[in-house]
Amino acid sequence: MIVKVEGLVKRYDKLVALDYLDLEVKEGEIFGLLGPNGSGKTTAINCILSLLKYDKGTIEVFDKPMGPDEYKLKKDIGLIMQNVAVFDELTVYENISYFCSLYIKDKKEVKRLTEEAIEFVSLDDYKKFYPKKLSGGLLRRLNIACGIVHKPKLIILDEPTVAVDPQSRNKILEGIKKLNEDGATIIYTSHYMEEVEQICSKIAIIDKGKVIAQGTKDELKSMISVGEKITIEAYQVNDLQLNTIKNLPNIYSVEYRENQLEIKTGRGNNNLVTILEYMAEQKISFGRVITELPTLNDVFLEITGKELRD
Amino acid sequence: MQVFKTYFKILKKNLTSVIIFGVIFITITLVITLTMFHEDNGQFSVKKVPTLVINQDTDSNLVDGFLTYLEQYATFVDIEEDEEIRRDALFYRKVLYILTIPEGFTEDFLAGNEINLIKETVPDSVEAMSVDTAVNNYLNTAKIYIKHNPDVDLNKLGDFIQQDLGTETKVTFDVKQEDDTTAAHMFNSFYYNYLGYIIVACFIAGVSTVMLSFHGLDIRRKHYAAPLSSRRFNIQLINANLAFVMCYLLVFIIAGYVFSPVKLIDLNLVFMWLNAFVFSLAALSISYLIGISVKAKNAVQALSTMLSLSLAFISGMFVPQEFLGDAVLKLASFTPSYWYVRANNTIAHINNFNLDNMGEIFGYMAIQIGFAAAIISIALVVSKRKRQMAY
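- An unreviewed UniProt entry lists chain B under the name ABC transporter permease, with Mobilitalea sibirica given as the organism.
- In its Subcellular location (unreviewed entry) section, the UniProt entry covering chain B states "Membrane".

- By the naming in an unreviewed UniProt entry, chain A goes by ABC transporter ATP-binding protein and is assigned to Mobilitalea sibirica.

Right, here's the structure in full:
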């Protein structure tokens, strides 16, 4: 086990930030910690890294108890934070080299790893640039390079794509996948469910300091009753027809707003066909039809009764 | 050593402002100290005064001799003999002294009658006094000759007087060594008192800025997450700070010695070096505290200016402590800079070191170290609290 957290409790006076949190991260996983802002993701990460004292619980990293002085364990961990943490007075190369030298003693090795990290994040043309001269996306890449330069076995990324343009975000996500393919275990915290869904092999949904659901994305989606979301552009649907659609087999909910008919169905085949047949029979004219599988937001919504973005 | 090296890389980036601070301050310091030193150096040289002489008397050997003698103290200027033009010349300082030799001057002088030389000078002119003295010297000596030898040859009178007044007695005071020592102590006292201001300003500008970079919240988190103990991290930072302080102080010590008008290294100077080093530790602790407490570089620069100036003014770095009021000195005694200046002043006045006066100096240094320890303790508490409150 790479990380094992059991019964973790962290209080800030009366506020319970972590409420008996349990997590297990296995080797080779990209473990997503998904939750809205203030759900306790960063607090959990800080506790795992021993940056923060906690009130109760145990944390093991690489099967050993983690503590502030466990430098051997820290040596194999890389941290990439939400805010860019680099020195404005050092160049791109000097920053990466400095953070590498905190982990690696050998100068030649530091140089080699620095070059590799620069290549990995495609900052070769910006080696001598100072951070203030870099764009937001490039700065994020520098931040990542500083966190992964020493080739850690465990990489913790705490919301690394906040306020990043879509192009840079994709590059970052691709980079994370590549790091994982190269053997690193990743813990990735985010409140962007699309990102988590896109890259994580295992996901823990966290809310109010508790893990409310955990598993692969398919496992999570199978936990909820909604199997499919159907949106039909339909005209002049009356209340009686809406009621009838609602009573069709395997229909979970129906909403009609501004000529958009939104239907959530349970798991099963032919849900769409049944609905469209009824509409044809009732001569309800319709346009575009969109069907979607449930998202992690639906999972969160069904479990907590609120949107992930709330 | 990675933190140590990075400290200097960051410092290098901020060094321009530190160097500018240093160069400006050292220039101002040297100009002020050297000016003050030269004001009271006992040197004298004759300065010739632009003078207009209007001779209404007939040409005589007496007048010729008089003017020849006067030429040693005055530069004769030719100006039209128009009253208006003469007044303008005085007003615009073309001449500082107008001497009119009245008609019948030679005759009256030789007859022993009262003579009236007419003079016009720039009001309150110091230069006029040297011409007055020269005129009086010449005429009084001439009067003595004529009184005691009425038949004196007027052709030779001028030569006699020149010879008499030109005779100088060389007097040698065997105090050169003592003068040099006093001068050196005076210069060092001024220089090292002003240095206190430079130390505070430059250290805050330099050390605080680097500390600010190392103690940014996110950078701190990255350091805590790295396999580098807080102890090792802090030791490297402290060593880097001390190295910076030593280098910077050394530059100022060398500059002080190079620019000193008297090259003398004695125990007084060594004590001043030691005092400057001790004060540097106190200034370093202040800079460290500011570096970990303040969040913006602009605030550091503002604090650097404000704190260094206020400490300098109330502690007697600019104005001697004797001229400061009791209330100000009382307030200043709660700052290390007051004890630094006091130690410097004490050192400057010591001619023979003994246990009593050395004890007094070490006492002042101990107080400065006490301040440094107290400020560092506060800094450590702030640092610990910041770490606890960081998340």
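Next, the rest of the story.
## Some details on the domain arrangement of chain B
Next, step 1: You can read the domains of chain B as domain 1 (2-37 + 177-390) and domain 2 (49-173).
Next, step 2: The gap between the C-alpha centroids of domain 1 of chain B and domain 2 of chain B is 59 Å.

## Side note on the pairing of strand β4 (residues 56-61) of chain A
All names here are of chain A.
Next, step 1: Here 5 bridges tie strand β1 (residues 3-12) to β4, and the two strands are oriented antiparallel to one another. Bridged to Val3 within β4 is Val61.
Next, step 2: Bridge analysis of β4 against strand β5 (residues 64-65) gives 2 bridges, and the strand direction is antiparallel. Its bridge partner lying in β5, Glu60 is registered against Pro65.
Next, step 3: Remark: 2 residues form the turn of the hairpin made by β4 and β5, two consecutive strands paired antiparallel; Phe62 in that turn has positive phi of roughly 55 degrees.

## Comments concerning the interface of chain A and chain B
Next, step 1: With 30 residues of chain A at the contact, the number on the chain B side is 26 residues.
Next, step 2: For the pair chain A and chain B, the summed buried surface comes to about 2600 Å²; carbon and sulfur atoms form 62% of the total.
Next, step 3: Among the residues of chain A in contact with chain B, A:Leu51, A:Glu89 and A:Leu102 are the three that bury the most area, contributing 24% of the side total.
Next, step 4: Seen at the junction of chain A and chain B, the total is 1 salt bridge.
Next, step 5: The residue A:Glu89 makes a salt bridge to B:Lys297 at a minimum N-O spacing of 2.7 Å.
Next, step 6: The tally of links between chain A and chain B comes to 7 residue pairs in polar contact (both at pLDDT 80 or more).
Next, step 7: At the level of secondary structure, the elements contributing two or more residues to the side of chain A that touches chain B comprise α1 (41-48), α2 (71-74), α3 (92-101) and α5 (136-148) of chain A.
Next, step 8: With 4 residues, α3(A) is the largest single contributor of residues to the side of chain A that touches chain B.

## Some points on the nonpolar core
Next, step 1: The biggest cluster of nonpolar side chains holds 118 residues, and the ones touching the most others in it are B:Tyr7, B:Leu195 and B:Phe214.
Next, step 2: Take this core: its biggest share by element is 18 residues, from helix α7 (residues 176-214) of chain B.
Next, step 3: In this view, B:Phe214 contacts A:Phe87, A:Tyr98, B:Val3, B:Thr6, B:Tyr7, B:Ile10, B:Ile219, B:Arg220, B:His223, B:Phe233 and B:Leu237; residues no more than four positions away in its chain are not counted.
Next, step 4: Core analysis: the second largest hydrophobic core is formed by 33 residues, A:Leu52, A:Leu73, A:Ile77 and A:Ala204 among them.

Here is what the cut-offs are and how they apply
Residues numbered from 1 in each chain as written. Chains lettered and ligands numbered in written order. Predicted model: local features only at pLDDT ≥ 70, side-chain atom pairs only at ≥ 80, totals over all residues. Heavy atoms only, no water. UniProt positions renumbered as here; feature names shortened; annotations may be inferred. Domains from an automatic or database assignment. Pairing = 2+ DSSP bridges. Helix = DSSP H or I, 4+ residues; strand = E, 2+ residues; numbered from the N terminus. Contact = heavy atoms within 4.5 Å. Buried area = accessible area lost by both parts, 1.4 Å probe. Salt bridge = Lys/Arg side-chain N within 4 Å of Asp/Glu carboxyl O. Polar contact = N/O pair within 3.5 Å; in protein donor to acceptor, adjacent residues only side chain to side chain. Core = buried A, V, L, I, M, F, W, Y, C linked by side-chain atoms within 4.5 Å. Buried < 20%, exposed > 50% of the residue type's maximum accessible area, 1.4 Å probe, protein only.

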